[in-house]
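# Close look at the chain arrangement
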Amino acid sequence: MQGCNGRGGAVPAGRGGEKMKVLITGGAGFIGSHLAERLLEQGHEVFAIDNLWTGKLANVAKIQNSERFHLVVDTILNESVMNELIFKADHVYHLAASVGVRNVMDHPVETLDINVKGTEVVLRLANRFKKKVFITSTSEVYGNHMEHTLSEENNRVLGSVKKRRWAYASSKTLDEFMALAYFEEKKLPIVIGRLFNTVGPRQTGRYGMVLPNFVQSALLGKPITVYGDGTQTRSFTHVKDVVGALIKLMDEPRAEGDVFNIGSDQEVAIKDLALKVKEMTQSTSEIEYIPYEKAYGPGFEDMKRRCPNIEKIRNVIGFEPAYDLDSIIQSVIEYFKE
Ligand code: UDP
């Protein structure tokens, strides 16, 4: 494990005060439900729309009885429902998307549909009522980079269109272009966040995400499956750090019309992550290496490395992840033990 960023000066920011009506698309998802909880804690009224494709009612079980929480089970492609919700909202956090590499590989049509058309609906309707929108993007947009750290202004390095994985990165890139176009041409206030491997309680392993899969396998004594040779690296961020960043960026006027990496600068190779999970769970599981082709089917290309430069978000909102890798893994272990 190693740090992949220099340290910078932290400038605490954030406004606060007025209570708002906030719409979260994908509000019953892993990140959306944590965001809903935090906004409710801050006293806001939260409207969530989720088609429960990857979202789950269990994710909002803790908040469903709050008078200030309203869940609409529907697709964001339903324009009349979205029109009403966006009309009512002061702020819109757009998190609904097809997520998880497995999902993208198995459902390419739905992925492109929801990521492209869904965001188009959100931006067009937000523009109708001039409501501020947070667009949740992804580190995938950088593509297969070998840069030491990824900065917001870096070029993108995407693979062939025959490699299905890149459909996801391309759809999210188009979302960013659309949001910036609305900002520049229509003066719609938007902020874009590129999330780097967000993990934590409630994330399911069903769509291929590595940490919940490793922890579940380790606790069950099943093989911990490392895809490829395990030298590929990732930087994991706890969902609670991520939702804090989303809210601060949304509330910070200097962030408008701009793109921010949201991630941690602690980088780990996947084979080392497997060892760490095995050790922290005191598991007897074997660590098994599986070729990519076997794990994802043909047409897959992995990202060798993915670590954010987080100077920009540090400078604008004083972002500093509170959870290090060990505490992240511990929180996921506790979640699955429960
Ligand atoms: N991975 C793995 N075993 C698993 C699931 C994933 O080795 O059971 C690898 C995967 O190939 C990738 C890394 O872990 O190199 C992170 O995968 P994840 O799907 O969590 O996120 P992403 O690929 O989007 O970074």
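Residues numbered from 1 in each chain as written. Predicted model: local features only at pLDDT ≥ 70, side-chain atom pairs only at ≥ 80, totals over all residues. Heavy atoms only, no water.

### With respect to helix H6 (residues 210-220)
Within H6, the full set of buried residues consists of Leu211, Pro212, Phe214, Val215, Ser217 and Ala218. Its buried side turned inward, H6 meets strand S8 (198-199), strand S9 (224-227), helix H8 (270-280) and helix H11 (325-337). A positive backbone phi angle near 75° is found at glycine 221, which sits one or two residues after H6. (Buried < 20%, exposed > 50% of the residue type's maximum accessible area, 1.4 Å probe, protein only. Helix = DSSP H or I, 4+ residues; strand = E, 2+ residues; numbered from the N terminus. Contact = heavy atoms within 4.5 Å.)

### Observations regarding the pairing of strand S2 (residues 21-25)
Working note: regular strand, side chains alternate between the two faces of the sheet. Where burial is concerned, most of S2 is hidden: four out of the five residues are buried. Sheet topology note: the S2/strand S3 (residues 45-50) ladder contains five bridges and is parallel. Counterpart to valine 22 in the pairing with S3 is valine 46. For the crossover that starts at S2, traverses helix H1 (residues 30-41) and ends in the parallel S3, the hand is right-handed. Bridge count between S2 and strand S5 (residues 91-94): four bridges; the pairing is parallel. Bridge pairing links leucine 23 to valine 92 in S5. (Pairing = 2+ DSSP bridges. Right-handed = clockwise from strand over helix to strand, strands pointing away.)

### Describing the packing of H6 against H8
Where H6 contacts H8, the axes come no closer than 10 Å and their chain directions differ by 35°. Relative to H8, the crossing made by H6 is right-handed. Contacts between H6 and H8 involve Val210, Leu211, Phe214, Val215 and Ala218 from the former and Ile270, Leu273, Ala274 and Val277 from the latter. Of the residues belonging to the contact of H6 with H8, the class tally is nine nonpolar, no polar and no charged. (Axes fitted to C-alpha atoms, helices over the stretch in contact; angles between N-to-C directions. Left-handed = near helix turned anticlockwise from the far one by under 90°. Nonpolar A, V, L, I, M, F, W, Y, C, P; charged D, E, K, R; others polar.)

### Here we look at the pattern of salt bridges
Close approach of charged atoms lets side chains of opposite charge pair. In this structure the tally under the stated criterion is 21 salt bridges. One salt bridge connects arginine 234 with aspartate 302, and the closest N-O pair in it is separated by 2.9 Å. Separated by 68 residues along the polypeptide, arginine 234 in strand S10 (residues 233-235) and aspartate 302 in the loop between helix H9 (292-296) and helix H10 (311-317) bring together distant segments of the chain. Across the pair, aspartate 302 and arginine 234 agree in class, each one buried. Here the salt bridges share partners, and the residues they tie into one network are Glu140, Arg165, Arg234, Asp302 and Arg306. (Salt bridge = Lys/Arg side-chain N within 4 Å of Asp/Glu carboxyl O.)

### Details of the sheet that holds S5
Judged by pairing direction, the sheet is parallel, and its seven strands sit side by side in the order S4-S3-S2-S5-S6-S7-S12 without closing on themselves. The outermost strands of the open sheet, each flanked by one partner alone, are strand S4 (69-73) and strand S12 (259-262). In this sheet, adjacent strand axes meet at a mean angle of 20° when their direction is disregarded.

### Quick notes on the side chain of glutamate 267
Inspection of the secondary structure puts glutamate 267 in strand S13 (residues 266-269). A distance of 2.7 Å separates a polar atom in the side chain of glutamate 267 from a polar atom in the side chain of threonine 233. A polar contact of 2.7 Å, which involves the side chain of glutamate 267, links it to the side chain of arginine 305. (Polar contact = N/O pair within 3.5 Å; in protein donor to acceptor, adjacent residues only side chain to side chain.)

### Description of the nonpolar core
Core analysis: the largest hydrophobic core is formed by 36 residues, its most contacted members being Leu35, Tyr93, Leu246, Leu249, Ile262 and Ile313. Of all the elements in the fold, those that place two or more residues in this core are S2, H1, S3, strand S7 (190-195), helix H7 (239-251), S12 and H10. When residues of this core are assigned to their parent elements, the largest contribution, eight residues, is made by H7. For isoleucine 313, the residues in contact, after removing those within four places along its chain, are Ala245, Leu249, Phe260, Asn261, Ile262, Gly318 and Phe319. By size, the runner-up hydrophobic cluster in this structure holds 26 residues, among which are Leu23, Ala89, Val133 and Val259. (Core = buried A, V, L, I, M, F, W, Y, C linked by side-chain atoms within 4.5 Å.)

### Some remarks on the environment of alanine 179
Mapped onto the elements of the fold, alanine 179 is located in helix H5 (residues 165-186). Under the relative-accessibility criterion, alanine 179 is labelled buried at 0%. Separated by 130 residues in sequence, alanine 179 and asparagine 309 place their C-alpha atoms 22 Å apart. For alanine 179, the residues in contact, after removing those within four places along its chain, are Leu123, Ile135, Ile190 and Ile192.

### Focus: the site of the ligand
Around the ligand, the surrounding shell holds 19 residues, and the nearest of these are Thr225, Tyr227, Arg234, Asp302 and Arg306. Here arginine 165 contributes a side-chain N or O atom positioned 3.2 Å from an oxygen atom of the ligand. In isolation the ligand offers 510 Å² of accessible surface; the protein chains occlude 95% of this area. Grouping the amino acids of the shell around the ligand by side-chain chemistry returns nine nonpolar, five polar and five charged. (Near = heavy atom within 4 Å. Areas by Shrake-Rupley, 256 points an atom, 1.4 Å probe, with all protein chains shown as cover.)

### Regarding H11
For H11, spanning 13 residues, the distance from its first C-alpha to its last is 18 Å, which sits close to the expected 18 Å at 1.5 Å a residue. Among the residues of H11, those classed as buried are Leu325, Ile328, Ile329, Ser331, Val332 and Ile333. Among the structural elements, S8, H6, strand S11 (237-238), S13 and H8 are those in contact with the buried residues of H11. (Expected span 1.5 Å × (residues − 1).)

### Regarding the packing of helix H2 (residues 79-88) against helix H4 (residues 108-129)
How two helices pack is summed up by the angle between their axes together with the distance between the axes. Relative orientation of the contacting elements H2 and H4 amounts to 45°, with a least axis distance of 9 Å. With respect to H4, the axis of H2 lies oblique. Here the hand of the crossing between H2 and H4 comes out right-handed. Contacts from Glu79, Met82, Asn83, Ile86 and Phe87 of H2 reach H4 at Val121, Val122, Arg124, Leu125, Ala126, Arg128 and Phe129. (Parallel < 35°, antiparallel > 145°, perpendicular 65-115°, else oblique.)

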